[in-house]
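Working through the structure, step by step
Each chain, letter by letter, is given below.
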Amino acid sequence: MKTFSKNRISPLALSIAASLFTLAAAPPAAAQEDTPNPASEAVELDRVVVRGVRNAQAEAINTKRDAAQILDSISAEDIGKLPDVTISDSLQRVTGVQIRRSAGEGAQVNIRGMPQVQTTMNGELYLSAGGGDEWGQPNLGGAQPDFVDIPPTLFSGVDVIKSPTAADLDGGISGTISLRTRRPFDLPEGWTFSGQAEGSYGDRVEEVNHLYSALASYRTERWGALLTVSRSEATLENKRPSVFSGGAQKSTECDLGALDGDGLPSGLDFNGDGQIGIGQRDLETGRWACNTDPANLPRQYFYNWVGTELENRKTERERIGVNGSFQFNVTDSVTLLGDAAYTKMDNVDTSVAAQLHTSWKRDQLQPGSIVDENGVLEHGIFVYDRFQAHSFAGKSESEALNTNLELRFDDGGPFRGSLRWVHGKSERQYDEARADAVATRGNQITRSDGTTQWANANGLETVTATVDFRGEFPNVDMITDVSNPENWQLMSTWAQGNRIEANLDALSADGVFEFQNGVVRSFQFGARYGERDFQYDAYRYLSPVSPGPCPDPNLALYYFKDPLIGDTCTGFSEARILPFDSIPDYWSYFNDFDPLTVGGLGSQGLPAIDPDVMKDPVAYLDSLYPGNVAYTHAPDSYKVTEKNSSLYFMANLEGSTGSNGIPWYANLGARIVQTRLLIDQFVVEGDTFIGSHDWNGVYPALGVDRIINQYTDVLPSANIAFDILDEQKIRFAYNKAVARQNLPDLGRGLVVFYSANSGRHPDLPDDLAIFGSGRAGNPDLEPFRASNYNASWEWYFADASLLNLGVFLIDVESFPASVTRIEPMPDSDGVIRDGGPVARIVNGGGGTIKGFEVGYQQAFDFLPGWWSGFGTNLNYTYSDAETSGEPDIDGNTLPIGDNSKHQANAVLWYQKDRIQARVAYNWRSKRFARMDTSAWGDRLGIWNDSVGYLDASFSYDVTPYLTLYVQGTNLTGENERRYAQWSNHYFDQNIYERRYYAGVRLRF
């Protein structure tokens, strides 16, 4: 491989440097060219003791250049220092990588628009400590962990593999994230120590967080040992306004307006066509007649989402990571290697959300509201008969231990081999409590003494408010005063949780046989057997509320503790009446809605149950309703075991071609994978339940239904690279890929949710439980399958510099998709009425993702004086995704979910003498999230708006052993907004805070 001198100048470098150099006639007087540079003195690339952003870029570029496949790489800038706060924050700088966030921190990644990404640690699968989805269920059963769980200080680098070889582990469609931990033989002989202490601050949560990490390593020529430890505490804030709350109604012009003399709605012409509905009344009912066909424009209905919610969520995370590694040269030809990685994360989420709730009614919109021709409510004036504050506290404790034992053989002869065993175990316990406090009176109830009263006797009859979605954030003006605690009552409270245990075992053997002559330079082969299982036990806390007598003691138990529930045993309302003045230690005022504007709450704010009181969910619930016991809820519990056997073979080829003898290098092989899935779902019966009602308790397991699926995949792969010049490569690659399903998607049964009728059906009892929504997995899911085609051109035109262009095509044969549809589900009395939205995972159609990537990296070290410290990293990715799925309401074909068609990164860095600085900006265009049909079947695409993040860092080397640094993330206060079908149709928003970091790093 050709090396470059420090002063080598290419034409491209000259053209870029000229524009920069004209910005100043001379360097500042403070620049000292003869000052020793402690960062550059630390470079020892053969031992991977890399320091500084320039040297990290140089190592990453060398890794890419020497690879046998198409990949990109990130290297640590110092021991324990990746470029960004989390691993995925660093990965978003790589061409083609897009990330998703959790409480503002980078959590999971896509490669070239697809989230079906394999993640390995030192080349093998591993289990993370947690993460989680919107139902509190972590992604332990997925192929990609949540990078929030993983302390980035434990890693030396990350490779993003875009064209795998047959020797690479199968499991990713668009690529593999390969994490690399430090090992003792990576470091110089003798002792190596490093440490880090950091404080951080969020501009909204206004609390100081801490991070501490340390590394100690000792090695001789024959053996070495390394230990890294990391501990962090973080408090993060995430505001999340939204409009979903279970679905949407089509409220028509005929449903609205004051009642006329016949008690019928007088109508409201909100679409401005000069008439109510179709302009005539129904002859049988006398009501105005309206058209709810979406093909009719302007629409005679608007999308009336069940609730407008203003949530303020706080996350407290404590992470501990310990990584140990041992290497021992048993003989000159045998090396023993052992790794152990332990992570532990405690996570507490608390939130308070103001909820303006329609109770599924369609007649609450008032004159003066603004609705566009598509039926999008832009500005609404509502008279609600339900206004509440929803409080939530969820606590999880999770830990994971991953071990690796490996024996390597290499005697210098033609054969090399290895034998490896990997074991992982992860556990997670999660409990949450929720509470609905109301300011409105609700429905009438009958107490055990025979008296009839409003459920909230001091509550308001209605609440009038305006909601304006036309600005950057929703604006709410409470016309009715809801700040008086005398109007408030704790109405409903409940608690639930889950226990998860995941295990991973894998045994693999690999060998390489080299040949002295010929085109085939070596032959690789190997076998692997692996098992992973995922057991999820969901439970609900039930306590005795009914005084009885009950024919079955189980009928006295309640999941929802709510006076609106009519007791099965007595026929009365038996839950406690808890006005705020009776529970003074349980509630507080909340007024932190910034940057949203919420008027009419006065100086103190919104009364609500304090989620800090609920951090111990069981203790909280027992203090109000003693005797809570966890009962397993069988429909939401399951176990999935995956058994995976694979064989591979691969030939590594080398030669030259053409009249100029252009060198080429290639690998050609195949991986044969057999997968066997054992899915255990619990059998339940509708009339066998524990609780006051089937919807207010749990369904016990009456048996186990085992489903067995098996499939075999042959995955060919080929990579070839041509050194067309000493400084330039072109590569071509092809592979077939199969991606593992998320195990929870296979195991989860149908889980349904109900809510009280509350006038939704006037002819039915108010306390009748009406079906609200549901969700379900699918044991018959097929895995993701695709064929990948790649080509790239790479020009290594200077030291630590690269210009590259890549094109790709991912032909997806099949992929599971999340679909929400209105289904005819029965209410609690067994009668099917409205049904409701049910989210299911289904086998989707195929699709293609095609596009190109262009990247430019350069260190401008040929410039004079202090200018020579500058460097840059620029890239852009175009990714066009098409599917064969059903179109949206406007007839548009929808792309593959979570793919941004455009993505760009711009990094400007500086490293000179003792100073190092970096400014980085990441931007991605809008992306399709999912399809929603909860509004009476209208196919509304949910889209994430475009978003960009600006981060910056600065460090100063006080001595070669001591560095001070500061860093800022999300400096522009960016937020992530979603809309339903049309850009003015607000759906929800995640509003993240700016975060600032300051710390010190030591090394010796």
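In short, a report on the structure. (Residues numbered from 1 in each chain as written. Predicted model: local features only at pLDDT ≥ 70, side-chain atom pairs only at ≥ 80, totals over all residues. Heavy atoms only, no water.)

**With respect to the overall build of the chain**
Along the backbone of the chain there are six helices and 52 strands. Buried residues in the chain amount to 58% of all 1004 residues. Pairs at least 24 residues apart make up 72% of the contacts formed inside the chain by residues separated by at least 6 positions. By element, 54% of the accessible surface of the chain is carried by carbon and sulfur atoms, the whole surface being about 38000 Å². (Helix = DSSP H or I, 4+ residues; strand = E, 2+ residues; numbered from the N terminus. Buried < 20%, exposed > 50% of the residue type's maximum accessible area, 1.4 Å probe, protein only. Contact = heavy atoms within 4.5 Å. Areas by Shrake-Rupley, 256 points an atom, 1.4 Å probe, with all protein chains shown as cover.)

**Points about the sheet that holds strand 21 (residues 475–478)**
Reading across the sheet, the five strands line up as 14-15-20-21-27 and stay open at both edges, with mixed pairing between neighbours. Two strands lie at the open edges of the sheet, namely strand 14 (370–371) and strand 27 (597–599), each paired on one side alone. Bridge analysis of strand 20 (residues 463–468) against strand 21 gives four bridges, and the strand direction is antiparallel. Residue pairing in the sheet places valine 467 in a bridge with valine 476 of strand 21. (Pairing = 2+ DSSP bridges.)

**Some words on helix 3 (residues 53–66)**
With 14 residues, helix 3 extends 20 Å from end C-alpha to end C-alpha; this agrees with the ideal 20 Å at 1.5 Å per step. Within helix 3, 11 of the 14 residues are buried, which leaves it mostly tucked inside the rest of the structure. Residues of helix 3 that are buried: Val53, Arg54, Asn55, Ala56, Gln57, Ala58, Glu59, Ala60, Ile61, Lys64 and Arg65. (Expected span 1.5 Å × (residues − 1).)

**A short note on the packing of aromatic side chains**
Applying the stated rule across the entire model yields 38 aromatic pairs. Relative to phenylalanine 560, the ring of tyrosine 559 lies with its centre 4.5 Å away and its plane at 50°, an arrangement referred to as tilted. Comparing tyrosine 559 with phenylalanine 560, the two get one shared label, buried. Positioned over the ring face of tryptophan 454 is arginine 441, at 3.7 Å from the centre of the ring. Sitting over the ring of tyrosine 711, arginine 785 keeps its end group 5.2 Å from the ring centre. (Phe/Tyr/Trp six-rings, centres within 6.5 Å; stacked < 30°, edge-to-face > 60°. Lys NZ or Arg CZ within 6 Å of the ring centre and 35° of its normal.)

**Quick word on the state of the cysteines**
Applying the stated criterion across every chain yields a total of two disulfides. Note on cysteine connectivity: cysteine 254 is disulfide-linked to cysteine 290, with sulfurs 2.0 Å apart. Residues cysteine 254 and cysteine 290 are joined by a disulfide whose S-S torsion is about 95°; by sign, that bridge is right-handed. With cysteine 254 in the loop between strand 10 (248–252) and strand 11 (301–305) and cysteine 290 in the loop between strand 10 and strand 11, the pair connects residues that are 36 residues apart, well separated along the chain. Put simply, cysteine 550 and cysteine 569 are joined by a disulfide, and their sulfur atoms are 1.9 Å apart. Where cysteine 550 bonds to cysteine 569 through sulfur, the torsion about that S-S bond is close to 115°, and the disulfide is right-handed. A residue pair is termed long-range when its members are at least 10 positions apart, and cysteine 550 in the loop between strand 23 (520–544) and strand 24 (557–558) and cysteine 569 in the loop between strand 24 and strand 25 (578–579) qualify at 19 residues. Relative accessible area serves as the criterion here: at 21%, cysteine 550 is assigned to the partly exposed category. Each bonded cysteine of the chain is numbered by sequence order, and under that numbering the disulfide pairs are 1-2, 3-4. (Disulfide = S-S within 2.5 Å.)

**Considerations on the nonpolar core**
Ranked by internal contacts, the top residues of the largest apolar core, which has 78 residues, are Phe387, Met478, Val482, Trp488, Leu606, Ile609 and Tyr620. Per element, the largest residue contribution to this core is four residues, and it comes from strand 11. What tryptophan 488 contacts, discounting residues up to four positions off in sequence, is Phe387, Gln388, Ala389, Ala437, Val438, Ala439, Asn456, Val482, Pro579, Phe580, Leu606 and Pro607. If you look at the next biggest cluster of nonpolar residues, it comprises 19 residues, including Leu127, Leu677, Leu743 and Leu781. (Core = buried A, V, L, I, M, F, W, Y, C linked by side-chain atoms within 4.5 Å.)

**Observations regarding the side chain of serine 801**
With respect to the helices and strands, serine 801 occurs in the loop between strand 38 (784–795) and strand 39 (802–814). Within polar-contact distance, the side chain of serine 801 engages the backbone nitrogen of alanine 859 at 3.2 Å. In contact with serine 801, not counting residues within four places along its chain, are Ile61, Trp795, Tyr796, Gln857, Gln858 and Ala859. (Polar contact = N/O pair within 3.5 Å; in protein donor to acceptor, adjacent residues only side chain to side chain.)

**Some details on the environment of lysine 395**
Mapped onto the fold, lysine 395 is located in strand 16 (residues 386–410). Measuring from C-alpha to C-alpha, the distance between lysine 395 and aspartate 431 comes to 5.5 Å, with 36 residues separating the pair along the chain. Look past the residues within four positions of lysine 395 in its chain and what remains in contact with it is Asn347, Val348, Gln429, Tyr430, Asp431 and Lys615.

**With respect to the sheet that holds strand 5 (residues 155–161)**
Pairing is mixed across the open sheet formed by four strands, whose spatial order is 1-5-6-4. Strand pairing shows two members of the sheet lacking a second neighbour, strand 1 (71–75) and strand 4 (117–121), which therefore form its edges. The sheet shows a mean angle of 15° between the axes of neighbouring strands, direction not considered. Bridge analysis of strand 1 against strand 5 gives five bridges, and the strand direction is antiparallel. When the sheet's bridge partners are listed, isoleucine 74 is paired in strand 5 with valine 158. Sitting on the sheet, helix 3 touches strand 1 and strand 5, and the angle it makes with strand 1 is about 155°. (Axes fitted to C-alpha atoms, helices over the stretch in contact; angles between N-to-C directions.)

**So, the layout of surface pockets**
Roughly 1500 Å³ of internal volume is contained in the second largest pocket. Looking at the second largest pocket, it is lined by 48 residues, and the ones nearest its centre are Asn122, Gly123, Asp168, Arg408 and Arg420. Examining the composition of the lining of the second largest pocket, we find that five residues originate from one element, strand 22 (residues 489–514), more than from any other. Each residue belonging to the lining of the second largest pocket can be placed in one class, and the counts come to 12 nonpolar, 19 polar and 17 charged. (1 Å grid on protein atoms, 1.4 Å probe; cavity = no way out; pocket = protein on both sides within 12 Å on 5 of 7 lines; lining within 4 Å. Points joined across faces, edges and corners; volume = space filled by probe spheres on them. Nonpolar A, V, L, I, M, F, W, Y, C, P; charged D, E, K, R; others polar.)

**Quick notes on the pattern of salt bridges**
Applying the stated criterion to the full structure yields 52 salt bridges. A salt bridge links glutamate 853 to arginine 112; the shortest N-O distance between them is 2.9 Å. Highlighted residues: glutamate 853 in strand 42 (residues 847–859) and arginine 112 in the loop between strand 3 (105–111) and strand 4, separated in sequence by 741 residues. For the pair formed by glutamate 853 and arginine 112, the shared burial category is buried. (Salt bridge = Lys/Arg side-chain N within 4 Å of Asp/Glu carboxyl O.)

**Re a nonpolar patch on the surface**
Together, Phe415, Phe513, Phe515, Val519, Val520, Phe523, Phe525, Leu647, Phe649, Ile672 and Val714 make up an exposed nonpolar region whose accessible area comes to about 910 Å². Contributions of two or more residues to the nonpolar patch are made by strand 23 and strand 30 (638–657). Among the elements that line the nonpolar patch, the one with the most residues is strand 23, at three residues. Mapping phenylalanine 523 onto the fold places it in strand 23. (Patch = residues over 30% accessible without salt bridge, like charges linked within 9 Å, V, L, I, M, F, W, Y side chains within 5 Å.)

**So, the pairing of strand 22**
Of the strand pairs in this sheet, strand 17 (residues 415–438) and strand 22 are connected by 24 bridges, and their pairing is antiparallel. Note on strand 22: the bridge partner recorded for arginine 428 is isoleucine 500. Across two bridges, the pairing between strand 22 and strand 25 is antiparallel. When the sheet's bridge partners are listed, glutamine 489 is paired in strand 25 with proline 579. Where strand 22 and strand 23 come together, 19 bridges link them in antiparallel fashion. Looking across to strand 23, one finds that aspartate 505 is bridged to glutamate 531.

**Examining unusual backbone geometry**
Only a minority of non-glycine residues have a phi that is not negative, and only a minority of peptide bonds are not trans. In this structure, the amide linkage connecting leucine 297 to the following residue, proline 298, adopts the cis form with an omega of -5°. If you trace the backbone, proline 298 turns up in the loop between strand 10 and strand 11. Cis geometry is adopted by the peptide bond preceding proline 595, which originates at aspartate 594 and carries an omega value of 10°. For proline 595, the location among the structural elements is in the loop between strand 26 (587–590) and strand 27. Although it is not a glycine, asparagine 970 adopts a positive phi angle of roughly 50°. Of note, the phi angle at glutamine 981 is positive, near 70°, even though the residue is not glycine. Position of glutamine 981 relative to the elements: it lies in the loop between strand 50 (975–980) and strand 51 (986–992). Judged by its relative accessible area of 9%, glutamine 981 falls in the buried class.

**So, the side chain of serine 717**
Topologically, serine 717 is positioned in strand 34 (residues 703–725). Residue serine 717 is classed as buried on the basis of its relative accessible area of 5%. Ignoring any residue separated from it by four or fewer positions in sequence, one finds serine 717 in contact with Pro164, Thr165, Ala166, Asn667, Leu668, Gly669, Tyr734 and Asn735.

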